[in-house]
Amino acid sequence: MSNKQKRFLLPEDEIPRYWYNIQADMKNKPLPPLNPRTKEPLKPEDLYPIFAEELCRQELNQTDAWIEIPEEVREMYKYYRSTPLVRAYGLEEALGTPAHIYFKNESVSPIGSHKLNSALAQAYYCKKEGVTNVTTETGAGQWGAALSYAAKVFGLEAAVYQVKISYEQKPYRRSIMQTFGAQVTPSPSMSTRAGKDILTRTPNHQGSLGTAISEAIELARTTPNCKYTLGSVLSHVTLHQTVIGLEAEKQMEMAGEYPDVVIGCFGGGSNFGGICFPFMRHTILEGKQTRYVAAEPNSCPKLTRGKFHYDYGDEAGYTPLLPMFTLGHNFAPANIHAGGLRYHGAGVIVSQLLKDKLMEAVDIPQLETFDAGCLFARAEGIIPAPESCHAIAAAIREANKCKETGEEKVILFNLSGHGLIDMSAYDQYLSGNLMNYSLEDEEIEKNLKDIELL
Ligand SMILES: *Cc1c(COP(=O)(O)O)cnc(C)c1O
């Protein structure tokens, strides 16, 4: 037996007691979200009708670097945290790279992804403020599953609008939500005005995160004691996800290493920010030379080919205007795209960091992500979520560069979730039915024109 340690775990009393708010340390703060009618910067009170009040304050907090994790939330984190930091010896060997590859395994949570880190916090604050019902949208269903479980934990009723095409194609996530007691409705539906309007314009609409967000927000606005929750994009969501990076920081210390590159897949930015920001703190405050790489699909390339502009967070234009890298709120990714990460915009914090070149982004073709996922599964024994495959593919690119140069770089990526409920996407890949799809510039420009007038 060699004495090479494979997994690094923290004892329960070292689960973080504070989340890290990078906004406090950023030299250039994110621009303010705007009220779409008055174009005035938003105040926390403006968001109170939609979100729990504490979450509104966290959203716009640019002064406190550390925000205490409520004891009740920390108690629930103990059900699955700390998550393991794993040295990917198997993957290193398969690649023949001198790089040291580590991954943080968020797939061990009860719902199989990082999303529970924020769902528990959001449900807790709702409960504390006397809310009885929570609502949200979900695409593939990971966020809906996380919220359904978190709502049950804190005694709330959950109503989830699921993108229609996913509702039909991914029945098991719906079953998971229903098992945890949530009510699930395919979107667009006839149960809201937003849904009716969309179906009137486009009777066969397959649904998108945008349509589902519009419906969930409308329900929250028109139902007493009901709040809306969101699983990505917003700054408070990314704040809660920093437990990932804060643990990883201590675990890397246990391994006696410090990352040269930190990588996360990128939908709205919450797992990427979650793993990166605690390390980026040392880059901002002490000038530590670490690279931060966001990996997005090349069929939804807001970071690499989108535009930094104020845009709506949803299709119907209910949300405030957010300053972000976006493909336009009317952008819909190609139907053949199986890998998740379909949202049109990026969170305001990551958008500012990308603009300031504190981080980088790469876009990855669909087939390369599944090639990477299968190689990882065979080498490490974990079938990754299709989303996480983007981070793995980016890590493999870095490791292959090290193979060429002979450098022993330390690469850390976040394994945001497992893919055991996404096997239909793997089936398509394994049977040769998945293709690469590249977006023409005209398709991107078409949707960006609409937001220039906002
Ligand atoms: C939701 C999800 C993502 C993308 O969301 P981010 O906010 O960008 O992290 C990535 N991986 C998994 C497994 C997810 O469920």
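Under the annotation held in an unreviewed UniProt entry, the protein carries the name tryptophan synthase and is attributed to Phocaeicola coprophilus DSM 18228 = JCM 13818. Recorded under Cofactor (unreviewed entry), the UniProt text for the protein is reproduced unchanged: "pyridoxal 5'-phosphate". The Function (unreviewed entry) comment attached to the protein in UniProt states, word for word, "The beta subunit is responsible for the synthesis of L-tryptophan from indole and L-serine."

*Asks:* Can you lay out the site of the ligand for me, pointing to particular residues and giving the numbers?
*Replies:* Inspection of the region around the ligand gives 17 residues, with Lys115, Ser232, Gly267, Ser270 and Ser416 positioned closest. One of the side-chain N or O atoms of Lys115 is found 2.6 Å from an oxygen atom in the ligand. A distance of 2.5 Å is found between an oxygen atom of the ligand and a side-chain nitrogen or oxygen belonging to Ser232. With the chains in place, 94% of the 380 Å² that the ligand exposes on its own is no longer accessible. In terms of residue class, the shell around the ligand is built from four nonpolar, 11 polar and two charged.

*Asks:* Tell me what's going on with the sheet that holds strand 15 (residues 410–415), and back it up with residues and numbers.
*Replies:* One open sheet holds the seven strands; their spatial order is 1-4-5-15-10-11-14, and the pairing between them is mixed. Two strands bound the open sheet, and with one partner strand each, they are strand 1 (7–8) and strand 14 (360–364). In the sheet, strand 4 (residues 85–87) pairs with strand 5 (residues 100–105) via three bridges, with the strands oriented antiparallel. Counterpart to Arg87 in the pairing with strand 5 is Tyr102. Contacts from helix 11 (residues 235–254) reach strand 1, strand 4, strand 5 and strand 15, with the element oriented near 140 degrees to strand 5.

*Asks:* Before we move on, can you summarise the side chain of Gln251 with the specific residues and values?
*Replies:* Considering the arrangement of structural elements, one finds Gln251 in helix 11. Setting aside chain neighbours within four positions, we find Gln251 in contact with Phe8, Leu9, Leu10, Ser82, Thr83, Pro84, Leu85 and Lys104.

*Asks:* Can you explain the environment of Gly195? Please cite residues and give values.
*Replies:* Mapped onto the fold, Gly195 is located in helix 9 (residues 193–201). Among the residues examined, Gly195 registers a relative accessible area of 0% and is labelled buried. Residues Gly195 and Ala145, 50 residues apart in the sequence, show an inter-C-alpha distance of 22 Å. Once residues within four sequence positions are removed from consideration, Gly195 is found in contact with Pro188, Ser189 and Glu215.

*Asks:* Outline the environment of Ile392, listing residues and values.
*Replies:* With respect to the element layout, Ile392 can be found in helix 16 (residues 386–405). Considered as a pair, Ile392 and Leu412 are 20 residues apart in the sequence and their alpha carbons are 9.9 Å apart. If near-sequence neighbours (up to four positions away) are discounted, Ile392 is found in contact with Ala372, Phe376, Pro384, Phe413 and Leu415.

The rules behind the values
- Residues numbered from 1 in each chain as written.
- Predicted model: local features only at pLDDT ≥ 70, side-chain atom pairs only at ≥ 80, totals over all residues.
- Heavy atoms only, no water.
- UniProt positions renumbered as here; feature names shortened; annotations may be inferred.
- Near = heavy atom within 4 Å.
- Polar contact = N/O pair within 3.5 Å; in protein donor to acceptor, adjacent residues only side chain to side chain.
- Areas by Shrake-Rupley, 256 points an atom, 1.4 Å probe, with all protein chains shown as cover.
- Nonpolar A, V, L, I, M, F, W, Y, C, P; charged D, E, K, R; others polar.
- Pairing = 2+ DSSP bridges.
- Helix = DSSP H or I, 4+ residues; strand = E, 2+ residues; numbered from the N terminus.
- Contact = heavy atoms within 4.5 Å.
- Axes fitted to C-alpha atoms, helices over the stretch in contact; angles between N-to-C directions.
- Buried < 20%, exposed > 50% of the residue type's maximum accessible area, 1.4 Å probe, protein only.

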